[in-house]
Amino acid sequence: TLQEGAFRYCRKLKRIALPLKRNMIGDRVFIECPMLAKVDLVGGVHNTVASLHLESWRRKMNKEINRINQTLPNLQEGKKTPKIQQWEGGGPHPH
């Protein structure tokens with residue numbers, strides 16, 4: 001699990017790959033990371049998907065990942081960590 005402030009002040013961080021795992025990201029992990037614009041969610045599920053050839057599921061996931069990567073650069077500082085938590089399923093959900 002990434003603890004609070006794990007990437008604090010990584011001002012040049014533009015992209016990161018994270019395991020697609022519930023509760024992987026703690027609060028305020030990406031505080032003061034103004035350049036963070038892309039998050040790649042990776043993990044064992046991708047191997048399963050590739051072996052089963054679930055094309056429709058993969059298309060849906062790729063569409064969602066593209067949406068994430070379009071949204072992330074436009075978020076205000078302090079809003080990135082909660083949004084990433086929401087996507088990975090471990091954090092608060094929108095009201």
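That block above? That's the structure.
Residues numbered from 1 in each chain as written. Predicted model: local features only at pLDDT ≥ 70, side-chain atom pairs only at ≥ 80, totals over all residues. Heavy atoms only, no water.

**Q** Looking at this structure, how should I read unusual backbone geometry?
**A** Generally, phi is negative for residues other than glycine and the peptide bonds are trans, each holding for most cases. One non-glycine residue, Tyr9, lies in positive phi territory at about 65°. Looking at the secondary structure, you find Tyr9 in the segment before strand E1 (15–19). Positive phi is not limited to glycine here, since Arg28 has a value of about 55°. With respect to the helices and strands, the residue Arg28 is situated in the loop between E1 and strand E2 (38–42). (Helix = DSSP H or I, 4+ residues; strand = E, 2+ residues; numbered from the N terminus.)

**Q** Can you walk me through the pairing of E1 in this structure?
**A** Within a regular strand, side chains alternate between the sheet's two faces. A one-sided burial pattern is seen for E1, the buried positions being Ile16 and Leu18 and the unburied ones Arg15, Ala17 and Pro19. Two elements, E1 and E2, share five bridges in a ladder whose sense is parallel. Residue pairing for E2: Ala17 is matched across the bridge by Asp40. (Buried < 20%, exposed > 50% of the residue type's maximum accessible area, 1.4 Å probe, protein only. Pairing = 2+ DSSP bridges.)

**Q** Which parts of the structure should I look at to understand the pattern of salt bridges?
**A** A side chain with one charge may pair with a side chain of the opposite charge, provided their charged atoms come close. All told, the structure shown has two salt bridges when counted by the stated rule. For Glu4, the salt bridge is made with Arg28, and the minimal N-O distance between the two is 3.8 Å. With a gap of 24 residues between them, Glu4 in the segment before E1 and Arg28 in the loop between E1 and E2 connect regions that are remote in the sequence. Between Arg11 and Glu32 there is a salt bridge, with the nearest N and O atoms lying 3.5 Å from each other. Taken as a pair, Arg11 in the segment before E1 and Glu32 in the loop between E1 and E2 lie far apart in primary sequence, 21 residues in all. Exposure remark for Glu32: the relative accessible area of 29% places this residue in the partly exposed category. (Salt bridge = Lys/Arg side-chain N within 4 Å of Asp/Glu carboxyl O.)

**Q** Would you mind showing me how to read the nonpolar core here?
**A** The nonpolar side chains of a soluble globular protein tend to be buried, and buried together. Ranked by internal contacts, the top residues of the largest apolar core, which has 16 residues, are Leu18, Ile25, Phe30, Leu36, Val39 and Ile84. Of all the secondary structure elements, the ones that give two or more residues to this core are E1, E2 and helix H3 (80–88). With residues up to four places along the chain from it excluded, the contact list for Phe30 reads Phe7, Leu13, Ile16, Leu18, Ile25, Leu36, Glu77, Thr81 and Ile84. (Core = buried A, V, L, I, M, F, W, Y, C linked by side-chain atoms within 4.5 Å. Contact = heavy atoms within 4.5 Å.)

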